[in-house]
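Topology and contacts: notes
If you want the building blocks of each chain, they are given just below.
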Amino acid sequence: MTTTRSTTTSTPPRRRGLPYVGQTLSYIRDPLAMMREHFDDYGPVSDISFIGKRWTVLLGPDACEAALRNADKAFASGDGWGYLVGPFFDRGLMLLDFEEHHRHRRIMQSAFTRDHLERYTAALGPAVSAGLEKWQPGPDFRAYPALKELTLDLATTVFMGGADLDSLDELSKVNQAFIDCVQSATALVRVNIPGTRWGRAVRGRALLEQFLRRHLPDKRASPGTDLFSVLCHIKTDDGEHFSDDDVINHMIFLLMAAHDTSTITVSTMMQHLGQNPQWQERCRAEVMALPEHPTMTDLDGLETIDLVMKEALRLVPPVPVLARKTVKETEVLGHRIPAGRLVAVMMHLSHHMDELWPDPETFDPERFAEHRREDKVHRYAWEPFGGGVHKCLGMFFAGAEVKTILVHLLRTYSWTVDPEYTAPMNYHSLPFPKDGQPVHLTRL
Ligand code: HEM
């Protein structure tokens, strides 16, 4: 497939739906089915109503590529994401654009160098094994909530340097505040009314700000190796650094960006490894040869786990849709998109298209192996980390975290999942299995 541009342009076709709600409910029910149907009926560029606004939907790798490469700088990320989660992740890196984004990304990159990643990875190992020790194995173990708790523990260790949480109660309030902020994305009521998803998210953001602001003076005073500390102290060669407000805004976004995305990735991997015991054994054999606490370099050598991770990210991309807003009129595949239009880059569909992947619904990690490399069919066939200037800055950190969890999991437990099981997903925001994903977990 190649990106084609025509000489004549037309307005995208528009799907009519219920006023205000539009396609919101069919997206939440089954986003992939909604995207497939929409692509078949209207092609790669079309308009829908979604959560009270008109959006242009981009489907398939060519259309997604146009927005993410953003050659004419028409697509802004901040105003797009801003509509969905703006008040809660205000001034996080993904919500900044153009010059300002470039400046902040340059500073933040210094927190993700190989040296820093090695240090974060060193802190991950002991925290993961301690977290897994707490699990109570059994025939109906709910993997998703257990993984979510684990990744939150990791966030407080690696991101916060174990900043003294005053009590377990505070930890659960911080955890809930994140969930509330993330869950606001597809809320139909988008004003601060108590008891609504939006209202809970407003309070969640306030709690996170207070919490981080309370710990900030200590982090400024004594440099440590955790991400919070690093953000307080990094400087570029020309002396640029983050203000206190920058650190807090970036931390809230980073904690969110790192948390649910890694959790759903491990949870999808657990599901498929539970349904495909031969793959679980291959992965286990690979990790048994590693030292107790593997370094980044050790993790880089985990080829089988890498294939499984890529396949999990293909089947269930943790961020199925990216949001943008046009800052000027532009054109995608012959369709004119006016300035000021919200744009949904629905890359989830690309991961499941028959045109790109043989047998797209089958779990087949080998498709990413050197001798097959099915992802090479199109630069944007597989894009779980996005593309262009906003491409995930934490993708190597994510790889280290996911692989560290898998290493300890495979050494401590074995598990099975009913071969017929299909996870009932909640797509109000980032995806998660509504039933907590039952597995039969046994301690080795
Ligand atoms: C499997 C796990 C992850 C997935 C699938 C993922 C996915 C993504 C995607 C798709 C974007 C692009 C958003 C857009 O273009 O609108 C993104 C951005 C970002 N991610 Fe991740 N992410 C993951 C883990 C992480 C982790 C662990 C961190 C930090 C430690 C992180 C930090 C970021 C940051 C800072 C951005 C914004 C980059 C920018 O705007 O320049 N992510 N991520």
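Residues numbered from 1 in each chain as written. Predicted model: local features only at pLDDT ≥ 70, side-chain atom pairs only at ≥ 80, totals over all residues.

**Comments concerning the overall build of the protein chain**
Heads up, the condition is: Put simply, DSSP marks the helices as runs of H or I at least four residues long and the strands as runs of E at least two long, and each gets a number from the N terminus on. Only C-alpha atoms enter the radius of gyration; for comparison, a globular chain is expected to reach 2.2 Å times N to the power 0.38, where N is the number of residues. Residues with at least 20 other C-beta atoms within 10 Å of their own are called buried, those with 12 or fewer are called exposed, and the rest are partly exposed. The C-beta atoms themselves are positioned from the backbone. By the convention adopted here, residues make contact when the C-beta atoms placed from their backbones lie within 7 Å.
What the protein chain contains, in helices and strands, is 15 helices and 12 strands. Relative to the compact-globule value of 22 Å for 444 residues, the protein chain shows a C-alpha radius of gyration of 22 Å, a close match. For the protein chain, the spread of C-alpha atoms along the principal axes amounts to about 60 × 50 × 45 Å. The 444 residues of the protein chain split such that 47% are buried. Relative to all contacts within the protein chain whose residues are 6 or more apart in sequence, the contacts with residues 24 or more apart total 74%.

**Observations regarding the site of the ligand**
As a reminder, the rule being used: Think of it this way: take the backbone, place a C-beta atom on it, and check whether that atom is within 6 Å of the molecule or strand, in which case the residue is near it. In the scheme used here, Gly and all other residues not listed as nonpolar or charged are polar, with Ala, Val, Leu, Ile, Met, Phe, Trp, Tyr, Cys and Pro taken as nonpolar and Asp, Glu, Lys and Arg as charged.
Taken together, 22 residues form the shell around the ligand, and within it A258, T261, G386, C392 and G394 come nearest. Elements represented by at least two residues in the shell around the ligand include exactly α11 (244-275) and α15 (395-412). Examining the composition of the shell around the ligand, we find that 6 residues originate from one element, α11, more than from any other. Considering only residue class, the shell around the ligand consists of 14 nonpolar, 7 polar and 1 charged.

**Looking at the sheet that holds strand β4 (residues 138-142)**
Applied cut-off: Think of it this way: DSSP has to see at least two bridges between two strands before they count as a pair. Axis angles are defined between N-to-C directions and span 0 to 180 degrees, where every axis is a line fitted to C-alpha atoms and, for a helix, only to the segment in contact.
The antiparallel open sheet is built from 3 strands, whose spatial order is β4-β12-β9. In this open sheet, the two strands that pair with only one neighbour each are β4 and β9 (413-416). Strand-to-strand twist of the sheet, defined as the mean angle between neighbouring strand axes without regard to direction, takes the value 45°. The sheet contact formed by β9 and strand β12 (residues 438-443) spans 4 bridges and is antiparallel.

**Quick word on the sheet that holds strand β3 (residues 75-76)**
A sheet is described by the order of its strands in space; here 5 strands give the open sequence β1-β2-β8-β5-β3, paired in mixed fashion. Two strands close off the open sheet at either side, each with one partner strand: β1 (45-50) and β3. Alignment of β1 against strand β2 (residues 53-59), held across 6 bridges, turns out to be antiparallel. Bridge assignment links D47 to a residue of β2, and that residue is T56. Contacting β1, β2 and β8 (342-346), helix α2 (residues 31-42) crosses the sheet at an angle of about 85° to β2. Of the strands in this sheet, β2, β3, β5 (322-326) and β8 are in contact with helix α4 (residues 77-85), which crosses β5 at around 120°.

**Thoughts on α15**
Because the α-helix completes a turn every 3.6 residues, residues three or four places apart line up on one side. Inclusion rule: For a helix, the expected span equals 1.5 Å multiplied by the residue count minus one.
Given a rise of 1.5 Å per residue, 18 residues ought to cover 26 Å, and the 26 Å separating the end C-alpha atoms of α15 matches this to within 8%. Among the 18 residues that make up α15, 14 are buried, leaving the element largely enclosed by the rest of the structure.

**Let's talk about the nonpolar core**
This is how it is decided: By convention in this section, buried Ala, Val, Leu, Ile, Met, Phe, Trp, Tyr and Cys residues joined through C-beta atoms within 7 Å make up a nonpolar core.
Among the nonpolar cores identified, the biggest contains 122 residues, and L58, A344, V345, M346 and L406 are the most heavily contacted of them. No other element matches the 15 residues that α11 contributes to this core. Ignoring anything within four residues of it in the chain, the contact list for A344 reads F50, W55, V57, L58, V321 and A323.

**A look at the pairing of β12**
The pairing of β4 with β12 spans 3 bridges and is classified as antiparallel. Within the sheet, the bridge partner assigned to R142 lies in β12 and is P438.

**Structural notes on the packing of helix α6 (residues 114-133) against helix α7 (residues 143-159)**
Selection rule: These descriptions rest on fixed angle ranges, namely under 35 degrees for roughly parallel, over 145 for roughly antiparallel, 65 to 115 for roughly perpendicular, and the rest for oblique. Crossing chirality is assigned from the near helix's rotation relative to the far helix, an anticlockwise turn below a right angle marking it left-handed and a clockwise turn marking it right-handed.
Contact geometry for α6 and α7: axes closest at 9 Å, N-to-C directions at 140°. One element, α6, and the other, α7, form an angle in the oblique class. Judged by the twist between their axes, the crossing of α6 over α7 is right-handed. Of the residues in α7, those in contact with Y120, A123, L124, A127, V128 and G131 of α6 are L150, D153, L154, T157 and V158. Tallied by class, residues from the contact of α6 with α7 come to 8 nonpolar, 2 polar and 1 charged.

Such coordinate-based values are descriptive only and should not be taken to indicate function.
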